[in-house]
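The primary structure of each chain is shown beneath.
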Amino acid sequence: MKPWLLLGGPLLAGIVMVLTLGLIGPERAAFYRAEVATMEAWAFVGALAAALQFQRGDYLRNAWLVFAFSYSLYFVGDLTLTTGVFADRSWTPLANGILTIVGNILAATATWMLARAGRIAGLEPPWSAPVRVAVQVAAISLALVATGGATVTYARQVAGGDMESIRMLASCLGDIFVFSLLAPMLLTALSLRGGVLVWTWTLLTLSGLSWLGVDGAATFLPTVGVSEPAAQATFETLRCVANAFLGTAGLYQRWILRRGARDLAMA
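To start, this report covers the structure provided alongside it. (Residues numbered from 1 in each chain as written. Predicted model: local features only at pLDDT ≥ 70, side-chain atom pairs only at ≥ 80, totals over all residues. Heavy atoms only, no water.)

**Description of the overall build of the chain**
To keep things clear, this is the line we draw: Segments assigned H or I by DSSP are reported as helices when at least four residues long, segments assigned E as strands when at least two residues long, and all are numbered from the N terminus. Think of it in three bands: with a 1.4 Å probe and only protein chains considered, a residue is buried below 20% of the maximum accessible area for its type, exposed above 50%, and partly exposed in between. Contacts between residues were defined by any pair of non-hydrogen atoms, one from each residue, lying within 4.5 Å. Calculation of accessible area relied on Shrake-Rupley with a 1.4 Å probe; when residues are assessed, cover is drawn exclusively from the protein chains displayed.
Along the chain, the regular secondary structure elements total nine helices and zero strands. Listing every helix and strand of the chain by position from the N terminus yields α-α-α-α-α-α-α-α-α. Relative to its full complement of 267 residues, the chain shows a buried share of 44%. Pairs at least 24 apart in sequence give 76% of the contacts found in the chain among residues at least 6 apart. Carbon together with sulfur atoms contributes 69% to the accessible area of the chain, which is approximately 13400 Å² in total.

So this is what it looks like as structure tokens:
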């Protein structure tokens, strides 16, 4: 397998999404519901597949299991609360907000666990301290540029009593934290000089970058005159790609572990 071909799957999913939206009419609610369920299921399956390839009790197994659990919460919330049978209940915004908060905390925890994997394995911190600091600052800055406006807007709405904004605020805060960890993690992978880990970490970083795009699209596009249907289409396409990258990262992690075990057995 050519590892760089892994980038094609998520990007192809985004292209198919755009083409499909161009073919269907303005009534897209049912399509979005099916697309969100499919891609969140893909992310869940990928994370779970990666986890189950590790031995019971392994540190990375636990990290991937936490990732899988977070995406299972997103899946359940979107199908039952955001668009499902409980979408019109009075308690739905609060319940959905709580579910999203927990899911983002779990995703942030999983990313933090993966970021610590190098230290636990005894790897020396990569590159020089100034480079690491610069990458960290750049990652945080990019996250704040993409989501800062949305975070402030949603925080004000929540403070004003709009419970429906809790979910979006939690998502923005989670994306900021996750991406601030992903960039240094990718730096660690790059220091391995082409090792197989670099592609898993690259896919995870691209997933985080896509999630920042989701937040940015939800905030900036309406302010520059983009119509609501077009803004939502962009939002959903980026969300599709983000989920696709995460699921692909998990499945690639499983594949390289299985290949390593097979090569070891044949040696």
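Structure shown, so let's carry the discussion forward.
**Some details on the packing of aromatic side chains**
Stated formally: A pair of aromatic rings is counted whenever rings of Phe, Tyr or Trp (Trp by its six-membered ring) have centres within 6.5 Å, and the orientation is called stacked for planes under 30 degrees apart, edge-to-face for over 60 and tilted otherwise.
Within this structure, the stated rule accounts for six aromatic pairs. Here Phe 67 and Tyr 71 contribute two aromatic rings whose centre-to-centre distance is 6.3 Å and whose plane-to-plane angle is 45°, an arrangement assigned as tilted. Of the two residues, Phe 67 and Tyr 71 both sit in helix 3 (residues 59-82), four residues apart, roughly one turn of that helix. The pair formed by Phe 67 and Tyr 71 is uniform in burial state, with each residue classed as buried. For the ring pair Tyr 252 and Trp 255, a centre distance of 5.8 Å and an interplane angle of 25° mean the geometry is stacked. Pair noted here: Tyr 252 and Trp 255 are both in helix 9 (residues 228-266), with a separation of three residues, about one helical turn. For Trp 255, a relative accessible area of 28% gives the class partly exposed. An aromatic cluster is defined as three or more aromatic residues linked by ring pairs; in this entry it consists of Trp 64, Phe 67, Tyr 71 and Tyr 74.

**With respect to the pattern of salt bridges**
Side chains bearing opposite charge may pair, as long as their charged atoms lie close to each other. As a reminder of what qualifies: Basic side-chain nitrogens of Lys or Arg form a salt bridge, by our definition, when they fall within 4 Å of a carboxyl oxygen of Asp or Glu.
Throughout the structure, instances matching the rule amount to three salt bridges. Its salt-bridge partner being Arg 89, residue Asp 88 comes within 3.7 Å of it at the nearest N-O pair. A relative accessible area of 64% means that Asp 88 is categorised as exposed. Given a relative accessible area of 39%, Arg 89 falls into the partly exposed group. One network of salt bridges, in which partners are shared, links Asp 78, Glu 236 and Arg 239.

By themselves, these are just geometric observations and shouldn't be taken as functional.
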